[in-house]
Amino acid sequence: MSVLVNGSPTDDFMVKKGLREGDPLSPFLFLIAAEGLTRLMQRAVDIGTFHGYKINNELKFHTLQFADDTVIVGEGNWDNLWSIKTVLRSFELVSGLKVNFFKSKLYGINLEDNFLSAASEFLHCGVDSIPFRFLGIPVGSNPRRKATWQPVVDSMRKKLNGWKGRKLFIGGRVTLINSVGGLPDTPWFSTNVSNVLGDGKMIDFWNEKWIGMVPLKNIFPALFHVAEQPMVTIFSMGFWEQNNWKWRLDWPASMQQTEAAEAEALAVLLADVKPVQARADRRKWVPESSGQFSVSSTYSFLQNMDVTNVIDTDVVCALKKLWLNDVPSKVGMFGWRLLLAKLPTRAALASRGITTNHHETCCAFCFREVEDLNHVFFQCRFSEQVWRKICCWMQVAHFNFEGRLHHFNLVGAFVKSKKGSKFRHLI
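Scoring rules and cut-offs
Each chain carries its own residue numbering, running from 1 in the direction its sequence is written. For this predicted model, a pLDDT threshold of at least 70 governs which residues receive local features, and a threshold of 80 or more governs which side-chain atom pairs are given and counted, while totals over whole chains, interfaces and linings are taken from all residues. Only hydrogens and water are set aside when side-chain values are computed; all heavy atoms of the structure are taken into account. By definition here, a salt bridge exists when the distance from a side-chain nitrogen of Lys or Arg to a carboxyl oxygen of Asp or Glu is within 4 Å. Three labels apply to residues, based on accessible area from a 1.4 Å probe with only protein chains included: buried if under 20% of the type maximum, exposed if over 50%, partly exposed otherwise in between. Candidate patch residues must exceed 30% relative accessible area and have no salt bridge, after which like charges are joined if within 9 Å and Val, Leu, Ile, Met, Phe, Trp or Tyr side chains if within 5 Å. Under the convention used here, a 1.4 Å probe and the Shrake-Rupley method define accessible areas, while residue burial counts only the protein chains that appear. Comment: elements are numbered from the N terminus, with helices defined as DSSP H or I runs of at least four residues and strands as E runs of at least two. You can read pLDDT as the predictor saying how much it trusts each residue, on a scale of 0 to 100. We define a polar contact as two N or O atoms separated by no more than 3.5 Å, with the added condition that, inside protein, one atom must be a possible hydrogen donor and the other a possible acceptor, whereas residues neighbouring each other in sequence contribute only through side-chain atom pairs. The contact rule is simple, with two residues in contact once any of their heavy atoms fall within 4.5 Å. Nonpolar core, defined: a set of buried Ala, Val, Leu, Ile, Met, Phe, Trp, Tyr and Cys residues in which side-chain atoms within 4.5 Å join the residues together.

Participant: Could you give an account of the pattern of salt bridges, with specific residues and numbers?
Facilitator: In the structure shown here, the tally under the stated rule is 5 salt bridges. With a closest N to O distance of 3.2 Å, glutamate 241 and lysine 246 form a salt bridge. Note on lysine 246: relative accessible area 38%, which makes it partly exposed.

Participant: Describe a nonpolar patch on the surface, naming the residues involved and giving the relevant values.
Facilitator: Among the surface-exposed residues, Met1, Val3, Val5, Phe13 and Val15 lie close enough to one another that they form a single nonpolar patch of about 420 Å² accessible area. Mapped onto the secondary structure, valine 3 falls in the segment before β1 (4-5).

Participant: Lay out the confidence of the model for the protein chain with the relevant residues and their values.
Facilitator: With 89% of its residues at a pLDDT of 70 or more, the protein chain shows a mean pLDDT of 81. Between the elements of the protein chain, mean pLDDT differs from a low of 55, seen in helix α5 (residues 170-180), to a high of 90, seen in helix α2 (residues 78-95).

Participant: Could you give an account of the side chain of histidine 62, naming the residues involved and the relevant values?
Facilitator: In this fold, histidine 62 is placed in the loop between β4 (60-61) and β5 (63-66). For histidine 62, the side chain forms a polar contact with the side chain of threonine 63, separated by 2.7 Å. Beyond its immediate sequence surroundings of up to four residues, histidine 62 is in contact with Thr38, Met41, Gln42, Val45, Phe50, Gly52, Val71, Ile72 and Val73.

Participant: Account for the environment of glycine 335, naming residues and giving values.
Facilitator: By secondary structure assignment, the location of glycine 335 is in helix α12 (residues 329-339). Along the sequence, glycine 335 and leucine 322 sit 13 residues apart, while their C-alpha atoms lie 7.5 Å from each other.

Participant: Tell me about the nonpolar core, and please be specific about residues and values.
Facilitator: Ranked by size, the top nonpolar core spans 18 residues in total, and within it Phe205, Trp206, Trp210, Trp247 and Leu266 carry the most contacts. At the level of secondary structure, the elements contributing two or more residues to this core comprise β13 (244-247) and α9 (257-269). With near-sequence residues (within four places) excluded, tryptophan 247 lies in contact with Phe205, Trp210, Ile234, Met237, Gly238, Leu270 and Val273. By size, the runner-up hydrophobic cluster in this structure holds 11 residues, among which are Phe378, Trp387, Met394 and Val396.

Participant: Residue-level account of unusual backbone geometry, with values.
Facilitator: Backbone torsion omega between isoleucine 130 and proline 131 reads 10°, so that peptide bond is classified as cis. Relative to the helices and strands, proline 131 resides in the loop between β8 (126-127) and β9 (132-134). The backbone phi angle of histidine 124 is positive, close to 60°, even though this residue is not glycine. Along the polypeptide, histidine 124 turns up in the loop between α3 (113-123) and β8. Relative accessible area serves as the criterion here: at 52%, histidine 124 is assigned to the exposed category.

Here you go:
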């Protein structure tokens, strides 16, 4: 492997085994080192220099640890403070780790403020009160109260509301799309949910779909505008009389011609419609013949909504090979956009109407030709110089690329060869 220093690659070096930052094993490595702190505290308890918290004669504890966070619990006296300071300093000298006292907090229960202030100066840490927050979770509050968890809910809601997918790099967007799937921007779910009339006590007469796939307020807008009760259930719009349902359609005494015509049409529409006393209202999932929601019907519906463009078969084969390669996500995503000609070159921006000045379509390197994909990557004299230097560094003959697909196949075949190890490391 080699690294770029000021744009130039260094000599190759062998990669050795070890733990990188963020490796899942890193916390376990720290736990091995932090175990020494627990042993030092236990030794202080054994020799009687530190007195922990006693719940009963059989249950006592003094140290609680979670990764690199440690809670030391003990009696509020100066002997314990001296023991804590001695143990922490000894741990620093033995392990080489450093305790951040400025981030540490001192909590007291039934202790005087003067003692806590003096202890804070002695340990060089701040004083806080209970309840406090640990990893975003309130500690010391009543967990059964809603108010205890409300800040956590508000914090999550704030983060979710403020989250923007565009802040992810392009490889992260692909990961997100593969995880949750892409959905159309239209309100596809609500448009496919209707109601089946039962007793009429749960369905809104005007605002919900229960006759056809459109609410009555959209079918009769003028009549809805003069309705005395715009928010009313179907059951409230009529009554039962000797097992016969009668609609109670009360309109203003004076109506315009349009409103009167809609009132007459509504009466005709409802002539043969009546609630069912022995059955409750229910929802209906329209794409499924049974009316019950199912994942398969939803998947089929979304597939039918999706309009795909026909892609050249050679490009499809190249894309399949691309996703089978073990390359970083941002490299794979860039190659995917290159093969599909979706990179924001100046020519592409002009075709979308983003740039209107034809002078802005010239190549940013040579200022001679239009900056499209083939030119900026393979035909521009600056791009050719870059490829010549790469081939010289790899000690191979210069490649003449005819286009993005030819480049992908040619470089892909070279990377698989024995001489391609350098290029694979470069990627």
